[in-house]
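Listed below are the residues making up each chain.
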Amino acid sequence: MKALQKIGRSQFLHIFLAIERDLIVGGQAVMEGVMMRTPSAYAIACRRQNGEIVTTAERLPKWSDRFSPLGWPILRGGATLIQSMALGIKALNFSAKVFEDDAQKTSGRKTQTSSPEVADLPAAANSSGSVESANCSKSNHHTGAIVSIIFAFVFNIALFIVAPLLITNFVFIYLGFAESPQVAADSTYFAAVKAHLSEIKPHSWIAFNLFDGVLRTLFFLAMLFSLSWIKDIRRVFEYHGAEHKTVFTWENGHPLSPQAAMSQPRRHPRCGTSFLMVVMIVAILLFSIIKFDAAWINLLVRIALMPLVAGISYEIIRYAARKESGSFFRLITAPGIWLQGITTREPDSGQLEVAIRALEESLKLEPAA
């Protein structure tokens, strides 16, 4: 204890969290900024047009303390994914508000200023008004986040589950690899299409599910490649690289400085890109057991299996990041590592400074013991 008392608070925190350094720090790039997450907190840092870094930070509830099963392997993956989606949308909303404020200042329409250090930017904008107004703004902010999560969930289900399944069925029927439905000669075009998509009767379920999984993966890759051509997204990818380099700097025990972070790799095994690629691979394996003729049952079973897919993928990513992980785990995460060549770009020192600031603000909220 005497030895610990001689160590400063920041040094003690650094040593205490280093026990599981390879597991606890993660983040997300946003517009001109980075969100960093530690076990008990998160922080967002964004750079304004005038060079000022705006931050917000907050403690996170630990769901496994209230519901112990959420801390179990597999189940914790689904809980972490939901919380990460919520934090990601909150971070995007924060960065969008900073961008909007800068745009208003530039156009001369800015009528009031707000503190650069805020707990909730939309609520802070009402600081000159009543408490009820601030609470109403915060409530609307949370409602908007919930709506965004629901929209993202529905969009991803439609793009990566519904569309690949129905397209695969149509292709197999067209090529003669599946039984063609009985359609009356006087049926309308809509009725004929509905008949072709309502039942799934391939000659080989293995081939069908494999084609479905490959098509799903191609959709994902096409989306990433398309995004990489957008100028503003390329800028976000640079902050993504800054986030990874900062995480590596922390995990390797180096001082949190742009100079130390610059030499670190920008591809990280725990990246969300790697996670999504593992999800694609695990989904192909799990969905291969689905053999229902009714298309709607196929869709429901696929959707029902997604929490299990996410949970298994989370455990794979979590273990693959450890130094003692075997060649199998490195192999299954290799496609995601390769894909990070697209979703990350080399950052400059200013972007690294923002990522480091986000991590430092998050660490300040971690309990020292």
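From a predicted model like this one, the values you see are computed outputs, not experimental measurements.

Thresholds applied
- Residues numbered from 1 in each chain as written.
- Predicted model: local features only at pLDDT ≥ 70, side-chain atom pairs only at ≥ 80, totals over all residues.
- Heavy atoms only, no water.
- Core = buried A, V, L, I, M, F, W, Y, C linked by side-chain atoms within 4.5 Å.
- Buried < 20%, exposed > 50% of the residue type's maximum accessible area, 1.4 Å probe, protein only.
- Helix = DSSP H or I, 4+ residues; strand = E, 2+ residues; numbered from the N terminus.
- Contact = heavy atoms within 4.5 Å.
- pLDDT = per-residue confidence, 0-100.
- Phe/Tyr/Trp six-rings, centres within 6.5 Å; stacked < 30°, edge-to-face > 60°.
- Salt bridge = Lys/Arg side-chain N within 4 Å of Asp/Glu carboxyl O.
- Pairing = 2+ DSSP bridges.

## Considering the nonpolar core
Ranked by size, the top nonpolar core spans 18 residues in total, and within it Val25, Met36 and Leu359 carry the most contacts. Elements supplying a minimum of two residues to this core: β2 (33-38), α10 (231-251) and α15 (349-364). A per-element tally of this core places α15 first, with six residues. Each residue touching Val25, except ones within four places of it in the same chain, is listed here: Met36, Arg37, Thr38, Val247, Trp250, Arg270 and Leu359. Ranked by size, the runner-up nonpolar core spans 14 residues in total, among them Val282, Ala283, Val309 and Ile317.

## What to know about unusual backbone geometry
One non-glycine residue, Glu32, adopts positive backbone phi at about 50°. Mapped onto the elements of the fold, Glu32 is located in the loop between β1 (26-30) and β2. Judged by relative accessible area, Glu32 falls into the partly exposed class, the value being 26%. In this structure, Ile74 is a non-glycine residue whose phi angle is positive, near 75°. Structurally, Ile74 can be placed in the loop between α4 (63-66) and α5 (75-107).

## Brief notes about the confidence of the model for the protein chain
When pLDDT is averaged along the protein chain, the result is 81; 81% of the residues meet or exceed 70. Looking over the protein chain, one finds the lowest element-wise mean pLDDT in helix α2 (residues 9-17), namely 37, and the highest in helix α11 (residues 258-262), namely 96. Taken together, the stretch residues 1-23 has pLDDT below 50 and engages in 33 contacts with residues farther than four places along the chain or on a different chain. Confidence drops under pLDDT 50 across residues 110-135; counting only partners more than four residues distant or on other chains, this segment forms 35 contacts.

## Examining the packing of aromatic side chains
Tallied over the entire structure, the rule returns six aromatic pairs. Look at Phe172 and Phe177: their rings are 5.7 Å apart centre to centre, the planes differ by 75°, and that puts the pair in the edge-to-face class. Relative to Phe208, the ring of Trp205 lies with its centre 5.6 Å away and its plane at 70°, an arrangement referred to as edge-to-face. Taken together, the positions of Trp205 and Phe208, both in helix α9 (residues 205-227) and three residues apart, correspond to about one turn of that helix. What makes Phe208 buried here is its relative accessible area of 0%.

## A closer look at the pattern of salt bridges
As enumerated under the stated definition, the model contains 16 salt bridges in all. With a closest N to O distance of 3.7 Å, Glu52 and Arg48 form a salt bridge. Arg48 sits in the buried class, given a relative accessible area of 5%. In this structure, Lys245 engages Glu346 in a salt bridge whose closest nitrogen and oxygen atoms are separated by 3.4 Å. Residue Lys245 is found in helix α10, and its partner Glu346 is found in the loop between α14 (327-343) and α15; the two are separated by 101 residues along the sequence.

## Notes on the pairing of β2
Regular strands have side chains that alternate between both faces of the sheet. Among the six residues that make up β2, six are buried, leaving the element largely enclosed by the rest of the structure. Burial along β2 is two-sided: the residues Gly33, Met35 and Arg37 and Val34, Met36 and Thr38 are all buried. By the bridge criterion, five bridges tie β1 to β2 in an arrangement that is antiparallel. Across the sheet, residue Gly27 finds its bridge partner in β2, namely Met36. Between β1 and β2, which pair antiparallel and follow one another directly, the connecting turn spans two residues, one of which, Glu32, has a positive phi of 50°. Pairing of β2 with strand β3 (residues 41-47) involves six bridges; the strand directions are antiparallel.

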